[in-house]
Amino acid sequence: MISGCACLGGKGATMSKSIRTEAVEHLFEAILSLKDSEECYLFFEDICTINELLSLSQRYEVARMLRNHNTYLEIAEKTGASTATISRVNRSLNYGNDGYDMVFARIEQKEK
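Note that the coordinates shown come from a computational prediction; the quantities given were computed from them, not determined experimentally. Each chain has its residues counted from 1, following the order in which its sequence is written. Residue-level local features of this predicted model are given only where pLDDT is at least 70; pairs of side-chain atoms are given and counted only at 80 or more, and the full residue set underlies all totals for whole chains, interfaces and linings. Calculation of side-chain values draws on the structure's entire complement of heavy atoms; hydrogens and water are dropped beforehand.

For the rest of this paragraph, the subject is the packing of helix α5 (residues 83-95) against helix α6 (residues 99-111). In this analysis an axis means a line fitted to C-alpha atoms, helices contributing only their contacting stretch, and an angle means the value between N-to-C directions, from 0 to 180 degrees. Helix and strand definitions here come from DSSP, where helices need a minimum of 4 consecutive H or I residues and strands a minimum of 2 consecutive E residues; each element is numbered from the N-terminal end. At their nearest, the axes of α5 and α6 sit 7 Å apart, and the two run at 80 degrees to each other. Judged on the interaxial angle alone, α6 and α5 are roughly perpendicular. Contacts between α5 and α6 involve V89, S92 and L93 from the former and Y100, D101 and F104 from the latter. Under the convention adopted here, Pro, Cys and the residues Ala, Val, Leu, Ile, Met, Phe, Trp and Tyr are nonpolar, Asp, Glu, Lys and Arg are charged, and Gly plus all remaining residues are polar. Class assignment for the residues of the contact of α5 with α6 results in four nonpolar, one polar and one charged. Comment on the angle field: the value is read as roughly parallel under 35 degrees, roughly antiparallel over 145, roughly perpendicular from 65 to 115, and oblique elsewhere. Throughout, a contact is declared for two residues whenever any of their heavy atoms are within 4.5 Å.

Structure (structure tokens):
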């Protein structure tokens with residue numbers, strides 16, 4: 001198991017057990033081995049289709065904008081996300097595992 005990774009059963013993990021597979025653990029280990037943005041581009045361009053990567057990045061951007069109190073209309077216009085996608089991301093922000101908030105806090109701390 002990846003040490004300290006709550007998403008794989010570490011402290012505070014609440015993720016659905018259905019995704020905790022050996023294959024997912026191997027994927028997370030691979031992601032955690034990446035050293036910089038350029039390595040991320042190389043890896044994710046190989047492992048994801050363009051549409052998969054754009055969908056993930058769109059959800060992250062939606063979450064960022066929701067956290068900054070943008071309206072659904074503003075978010076839909078800027079990201080092209082449907083209101084259903086925005087609503088799902090909003091539900092994750094409000095009732096999920098706090099993964100988005102964890103990442104946002106770390107990025108904010110890094111920027112200080």
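Counting 10 residues, the largest nonpolar core consists of V62, A63, M65, L66, I75, A81, I86, V89, L93 and F104. At the level of secondary structure, the elements contributing two or more residues to this core comprise α3 (50-67) and α5. If you tally residues by element for this core, the top one is α3, at four residues. For our purposes a nonpolar core is just a set of buried Ala, Val, Leu, Ile, Met, Phe, Trp, Tyr and Cys residues, chained together by side-chain atoms within 4.5 Å. Throughout, exposure labels follow a simple rule: accessible area from a 1.4 Å probe, protein chains only, divided by the maximum for the residue type, with under 20% read as buried, over 50% as exposed, and the rest as partly exposed.

Let's shift gears to the packing of helix α1 (residues 22-32) against helix α2 (residues 37-47). Two numbers describe how α1 lies on α2: the axes approach to 10 Å, and their chain directions differ by 150 degrees. Taken together, the axis directions place α1 and α2 in an arrangement best described as roughly antiparallel. Within the contact between the two elements, α1 uses L27, A30 and I31 and α2 uses F43, F44 and I47. Split by residue class, the contact of α1 with α2 holds six nonpolar, no polar and no charged.

Notably, H69 is not glycine yet its phi reads approximately 65 degrees, a positive angle. Along the chain, the position of H69 falls in the loop between α3 and α4 (72-79). A residue is classified by how much of its surface remains accessible, and H69, at 71% relative accessible area, is exposed. Unlike most non-glycine residues, D98 shows phi in positive territory, near 65 degrees. Structurally, D98 can be placed in the loop between α5 and α6. Note on D98: relative accessible area 47%, which makes it partly exposed.

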